[in-house]
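The primary structure of each chain is shown beneath.
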Amino acid sequence: MRRSRLYLILLISFLILASLYALYPSIKLLSMSDANKEELRSTEPQDLISLEGKAIKLGLDLKGGMHVVLQVDKSKLKENEKRDAVDRALEIIRNRVDQFGITEPLIHKQGGDRVVVELPGLQDVERAQALIGQTAQLEFKLLETPENTMSILKKIDEVLAQAETTFIEDEGVEATEEREKEAEQDVVKDLFAEEEPDTTEDTTTFLEEEEEPFYEERPFTQYLESFGQRAAGFWVLVEEKPKVELLLKKPEVQELIPKDDEFAFSTRAETFQNQKYWGLYLLKKRVELSGKYLVDARPTYDQFRKPQVNFTLTKKGGRIFARVTGANIDKPLAITLDGRVESAPTIRSKIRDRGVIEMGGVASIEDATDLSIVLRAGALPAPVKIIENRIIGPSLGQDSIRKGTTSVIIGFCVVLLFMVIYYKLSGLIADFAVLLNLFFLMAAMAALHATLTMPGIAGIILTVGMAVDANVLIFERIREEMRTGKTIRAAIDAGYKRALTAIIDANITTLITAAVLFNLGTGPIKGFAVVLSLGVAISLFTAVVITRVIFDIRKKYRTLSI
Amino acid sequence: MLQILKKTNIDFIGKRYYAFAISGILVIFGLAAFVAIFLGKADLGIDFAGGTMIQGYFEKEVKIGDLRAALSRNGYDDAFIQSLHREKPNYFLIRVKATTDEEVTQISSDILSVLAKEFSQNKFNMDSVDGIGPAVGKTLQRQARWAVLLALAGILLYIWIRFDFRFGVAATITTLHDVLLVLGIFFILQKDITLLIVTALLTLAGYSLNDTVVLFDRIRENLKLFRKKGNFPSTINASINEVLSRTIITSLTTFAVVFTLFLVGGEVVHDFALALMIGIVVGTYSSVFVASPIIMEWERRSPKRFK
């Protein structure tokens, strides 16, 4: 008996020391001012990182940051590509995030087709979203010739104009007549199809028309503006882009676009004379060269201090590029990213393995940096979409920490005070146990690299409330036993012994629910489950074992302060 | 010694019919809430329903009506707007239900630009954005349903092993009763059912069980002692009276800390703390007035002497 008590005291002392050791980094970090931290970051960054790694981690809801869940769209992949698509996507996203330079990003798989990305302390949310969420499929495509483009545009105008009048006449007209009109329309289409070879004439008429504003006859091209005679592409006012997109989606317009051509907008809008415009291009669908031949990409400035990206191709890529550019000198070549045109410069001479992506007027050096990052990290194996997006501002996190800490302190004081008033000296012993409980709990959190969240703080408070329960059970039992006339020593022994089964049963039921909660969903809730289960398990030790050891220090009791 | 209660001898079992009536009515509300959730009629938080929630504050005064009108003008006439002036002046919560996964990031940035445009002289500082696609909501709903079922099954199993089948059933019914009751009260108060509320419900399932288990433990102990006297209701009554002061003290300390959380913990955990507060009261009541009478009635209808 005596010896086992000695062992227990040794064990408790050891646990206290171990906890101090586990908590030391957190305490040190907490006592450092922001300026001190910055200093350490610049002088000994490794030290700070290892210190932060050993301290209690704060969840995104306390630290602020961004939590994004991406869904990998595997529907268009082949069977053998589907298997590791998510893993590859995860690796590529990790690469991009690492290069973006965010400390302690958390990236992991969720379920069969989701990737969770947590970026703490992030400021530029939209930039990060774009960086993570884009497929980054780089492709080089030739443009449709200006002549063919003009002819297709003209046909679109005519068919749309026809459709408009048809639509007006159609109102209240019998179905049979409608069918006749449709037949007429087909004839019109056929007529134009025959005219197709004669493109030059078409272009001139079109250009002539452009000078006279017959808007009603140009339902499509009225939205397009062309700068310069043979400029690659057109400009669409930002406000009018939705209308253009709607028109392009119409089936009758789709029919007019040749099978190996496609319309594509630019990546970003440009500003001309205080108006913002999107670029619109008619591209050949054929991919001349893709981003998989890229070995490096770096952001730089051109001679006008405009950002651009220099890229280097593999040997094979260089050969293909040389062939393509050599055969198309003086023609524009579109560089597209995820189907949108980054730029469409005119090829001046044969290019081999080194090239430049111009980024246009409004692009910033950050845009160039991000483009280089995604190009270097490579394209995702399949498109992803953001299906969950949570952003927690740093001030909300600070607020939560402050309020959480206040709640813990107040709640703690209330409980401590109550126990001392109600159970006197025994209550003080219980208070000591609760304090130790909290201390061990924090140490365990640090040692297990668990994350503290706002619900986790609520869990601490709840633990404080529940931890005294074991002592209340024991003390009430001791009181009962004393009432039956037992000696104090016997009452203490019986109290501990008889209360034990109830304490264990009650705590195990809490552990069952905590275990279930741990498997439910998101980080904050997991944080709560961890705190609750650790707290309850530790309370078994502090409230039952440690208080008992203290009670047993004295062998004989004449009176008991309870 | 300081005592909240002197030795009591209250006839709890005798009042069981009142308790059954009260519980019955409240459980019906809970069941209504449960059915409403399944039919999608209840106020599910965006965790489960999908949607976008933005929290933040304006630097100068803004009336909630003006904010509503501004959002309405820009196509968000179904936006739910709540003033959180408890937290900070001009602090608002804006919630829009999303319909597709594509809109998850779009709506939040769109609303932020609407606010910047409509209140160009008064900066809106974004505190947090939650955008959750319906697909994620569905996943969480499924997880939450499983979590509740698993927790109840685990409890039934554990009590069954530790006590016996009847105790297990009574404890599970009591736990279900507590969860439904809090759910019912939240339904009446028109509070959103969020993931954090489900967490609170599960936590209080564990907590209320705590009370029930302590009581059952004492009943089991007393049944052994009183075996020869054989008066079942009085054994239960005596057990309740014996553990009553413990039940009340523990409930008080736990209630006190949760109440602190409710008062100063801030908006994030406000409803969570409220659910726990209600749950603690309900859990204490139910262990005395629901769990024990079930055991008692069961024994009366089909006598099977406990060990």
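Caption draft 1: Representation of the overall build of chain A in the model. Counting secondary structure elements, chain A contains 17 helices and 18 strands. Residue burial in chain A is summarised as follows: out of 562 residues, 41% are buried. Within chain A, contacts between residues at least 6 apart in sequence are counted, and of these 74% link residues at least 24 apart.

Caption draft 2: Region of the structure containing the sheet that holds strand S3 (residues 106-110) of chain A. Read from one edge to the other, the open sheet built from eight strands follows the order S3(A)-S4(A)-S2(A)-S17(A)-S4(B)-S1(B)-S3(B)-S2(B), with strand pairing classed as antiparallel. Every interior strand has two partners, whereas the edge strands, S3 of chain A together with strand S2 (80-83) of chain B, have only one. Direction aside, the axes of adjacent strands within the sheet are offset by 20 degrees on average. Summarising the sheet, strand S1 (residues 51-58) of chain B and strand S3 (residues 91-96) of chain B pair through six bridges and their orientation is antiparallel. Across the sheet, threonine 52 of chain B pairs through a bridge with valine 96 of chain B, a residue of S3 of chain B.

Caption draft 3: Here's a closer look at the environment of serine 151 of chain A. Along the chain, serine 151 of chain A falls in helix H7 (residues 146-170). Serine 151 of chain A gets classed as buried once you count the C-beta atoms within 10 Å, which come to 24.

Caption draft 4: Just the sheet that holds strand S5 (residues 138-142) of chain A, in detail. Residue and element names in this part refer to chain A. Pairing is antiparallel in the open sheet, where four strands are placed in the order S11-S5-S14-S15. Looking at the sheet topology across the chains shown, the edges are occupied by strand S11 (289-290) and strand S15 (340-343). Here strand S14 (residues 333-337) runs beside S15; their pairing, made up of three bridges, is antiparallel. Bridge assignment links isoleucine 335 to a residue of S15, and that residue is serine 343.

Caption draft 5: Quick look at the interface of chain B and chain A. Facing the 58 residues of chain B at the interface are 60 residues of chain A. Of all the secondary structure elements, the ones that give two or more residues to the side of chain B that touches chain A are helix H4 (103-118), strand S4 (124-132), helix H5 (134-162), helix H7 (195-225) and helix H8 (232-264) of chain B. Across five bridges, strand S17 (residues 384-392) of chain A lies against S4 of chain B in antiparallel orientation. Within S4 of chain B, the residue paired with isoleucine 392 of chain A across the bridge is serine 128 of chain B.

Caption draft 6: Spatial organisation of unusual backbone geometry. Residue and element names in this part refer to chain A. Positive phi values are uncommon outside glycine, yet aspartate 338 reaches one of about 50 degrees. Along the chain, the position of aspartate 338 falls in the loop between S14 and S15. Given 17 C-beta atoms within a 10 Å radius, aspartate 338 is considered partly exposed. Although it is not a glycine, histidine 449 sits at a positive phi angle of roughly 55 degrees. Assignment of secondary structure puts histidine 449 in the loop between helix H14 (394-447) and strand S18 (451-452).

Caption draft 7: Quick peek at the domain arrangement of chain B. Looking at chain B, the domain boundaries give domain 1 (13-44 + 136-301) and domain 2 (51-132). Measuring from the centre of the C-alpha atoms in domain 1 of chain B to the corresponding centre in domain 2 of chain B gives 38 Å.

Caption draft 8: Here's a closer look at the nonpolar core. Counting 232 residues, the largest nonpolar core has Ala89 and Tyr281 of chain A together with Val182, Leu201 and Ala275 of chain B as its most contacted members. For this core, the element with the most residues is H14 of chain A, which contributes 20 residues. Each of domain 1 (13-44 + 136-301) and domain 2 (51-132) of chain B gives at least three residues to this core. Not counting residues up to four positions away in its chain, the partners in contact with valine 182 of chain B are Leu201, Leu204, Ala275, Ile278, Gly279 and Val282 of chain B.

Caption draft 9: Focus on the packing of helix H16 (residues 488-518) of chain A against H5 of chain B. As a packed pair, H16 of chain A and H5 of chain B sit with axes 9 Å apart at the nearest point and diverge in direction by 155 degrees. Here H16 of chain A is positioned roughly antiparallel relative to H5 of chain B, judged by the angle of their axes. Along this stretch, H16 of chain A crosses H5 of chain B, giving a crossing that reads as right-handed. Each of Asp505, Ile508, Thr509, Ile512, Thr513, Val516 and Leu517 of chain A in H16 of chain A lies in contact with H5 of chain B, whose residues at this interface are Ala147, Leu150, Ala151, Gly154, Ile155, Tyr158 and Arg162 of chain B.

Caption draft 10: Region of the structure containing the packing of H7 of chain B against H8 of chain B. Residue and element names in this part refer to chain B. Viewed as axis vectors pointing N to C, H7 and H8 meet at an angle of 135 degrees, and their least axial separation amounts to 9 Å. As far as their axial angle goes, H8 and H7 are oblique. The hand of the H7/H8 crossing is right-handed. Between H7 and H8, the residues in contact are Asp211, Val214, Leu215, Arg218, Ile219, Asn222 and Leu223 and Thr235, Ile236, Ala238, Ser239, Ile240, Glu242, Val243, Arg246 and Thr247, respectively.

The rules we used
- Residues numbered from 1 in each chain as written.
- Chains lettered and ligands numbered in written order.
- Predicted model: local features only at pLDDT ≥ 70, side-chain atom pairs only at ≥ 80, totals over all residues.
- Helix = DSSP H or I, 4+ residues; strand = E, 2+ residues; numbered from the N terminus.
- Buried ≥ 20, exposed ≤ 12 C-beta atoms within 10 Å, placed from the backbone.
- Contact = placed C-beta atoms within 7 Å.
- Pairing = 2+ DSSP bridges.
- Axes fitted to C-alpha atoms, helices over the stretch in contact; angles between N-to-C directions.
- Domains from an automatic or database assignment.
- Core = buried A, V, L, I, M, F, W, Y, C linked by C-beta atoms within 7 Å.
- Parallel < 35°, antiparallel > 145°, perpendicular 65-115°, else oblique.
- Left-handed = near helix turned anticlockwise from the far one by under 90°.

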